[in-house]
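# Breakdown of the fold
Given next are the chains, with one letter for each unit.
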Amino acid sequence: MGTNSDTIRYYTSKADARDAFLNDVHLHRALIKKAFDVYGEVFCNYSKANIEVVEERVLVHDLTKINEEVESTGLLAYYYRFPMKNLDLDSPRRRYLYQKSILNHYHMNSNHPEHWLKYHDNVLIAVEMDPESVVEMILDWIAIGWEGGDRLPTEEYWAEVRTRKLFHENTIKLVDGLIDLYQKLPQPEINLEDYK
């Protein structure tokens, strides 16, 4: 999700929940910008991605979480729980609202492999991701890893999802190469207080 963890948190008011949500989105957006500053040029050169397109995507990264009502509603309802009329704190409907939000997020943001799935002859298949989306995806994973908490480092996350999610074989090859490159590059020290 791009927050410190995928832990459900409880708040006493909508304002407190919204502030925590916005702070988490702000932190993640600042960290993906840092990841782009550190790795963007190298990753784009390797993948032949257009660096200007990747930079534009990084600048608007995850804004749908704020600007798309279905996303903000679902994320707040599930991860930032506060008392709501007609919605108990532990209602199963909160998961449904989250599922709607994540489907919208995948649809609106091409840096998620789920964006690149299609049905062909009643079978779900993966379409090859464009290199700009692949670079943004890996920058996203790096930023999430920097957030700490219970998040896996980027290379471990890739090892976990590589065969669990649907990816086109060419996308897998490109991500494998970028992850190998990433592991050879110097890793900056990240102090989260600098981004809050």
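Above this note sits the structure.
Now for a description of the structure that goes with this document. (Residues numbered from 1 in each chain as written. Predicted model: local features only at pLDDT ≥ 70, side-chain atom pairs only at ≥ 80, totals over all residues. Heavy atoms only, no water.)

### Some thoughts on a nonpolar patch on the surface
The test is simple: By definition, no residue in a patch forms a salt bridge, and every one has over 30% relative accessible area; like charges are joined within 9 Å, nonpolar side chains (Val, Leu, Ile, Met, Phe, Trp, Tyr) within 5 Å. Per-residue and other accessible areas follow the Shrake-Rupley method at a 1.4 Å probe size, with only the shown protein chains counted as cover for residues. Just to be clear on terms, a salt bridge is a Lys or Arg side-chain nitrogen sitting within 4 Å of an Asp or Glu carboxyl oxygen. Per the convention used, a helix needs a DSSP run of H or I reaching at least four residues, while a strand needs a run of E reaching at least two, with both numbered from the N terminus. Any residue under 20% of the maximum accessible area for its type is buried, any over 50% is exposed, and the rest in between are partly exposed; the area is computed with a 1.4 Å probe on protein chains only.
A surface patch of nonpolar side chains, about 320 Å² in accessible area, is lined by Tyr 119, Leu 124 and Leu 166. You can see Leu 124 is positioned in strand 4 (residues 123–126). Judged by its relative accessible area of 36%, Leu 124 is partly exposed.

### With respect to the packing of aromatic side chains
Condition: Here a pair means two rings of Phe, Tyr or Trp (six-membered ring of Trp) with centres within 6.5 Å. Their orientation is stacked below 30 degrees between planes, edge-to-face above 60, and tilted elsewhere.
For the structure on display, the rule yields 11 aromatic pairs. Geometrically, the ring pair formed by Tyr 39 and Trp 146 is tilted, given 6.4 Å between the ring centres and 35 degrees between the ring planes. Of this pair, Tyr 39 sits in helix 1 (residues 14–47) while Trp 146 sits in helix 6 (residues 131–147), placing them 107 residues apart in sequence. Across the pair, Trp 146 and Tyr 39 agree in class, each one buried. Between Tyr 78 and Tyr 79, the ring centres sit 4.9 Å apart and the planes meet at 85 degrees, which makes this aromatic pair edge-to-face. Among the aromatic side chains, those forming a connected cluster through ring pairs are Tyr 39, Phe 43, Trp 146 and Tyr 182.

### Describing the pairing of strand 4
Applicable threshold: Two strands are said to pair when DSSP picks up at least two bridges between them.
Here strand 3 (residues 117–120) runs beside strand 4; their pairing, made up of 4 bridges, is antiparallel. Note that in strand 4 the partner of Tyr 119 across the bridge is Leu 124. The antiparallel hairpin formed by strand 3 and strand 4 contains 2 residues in its connecting segment, where Asp 121 sits at a positive phi of about 55 degrees.

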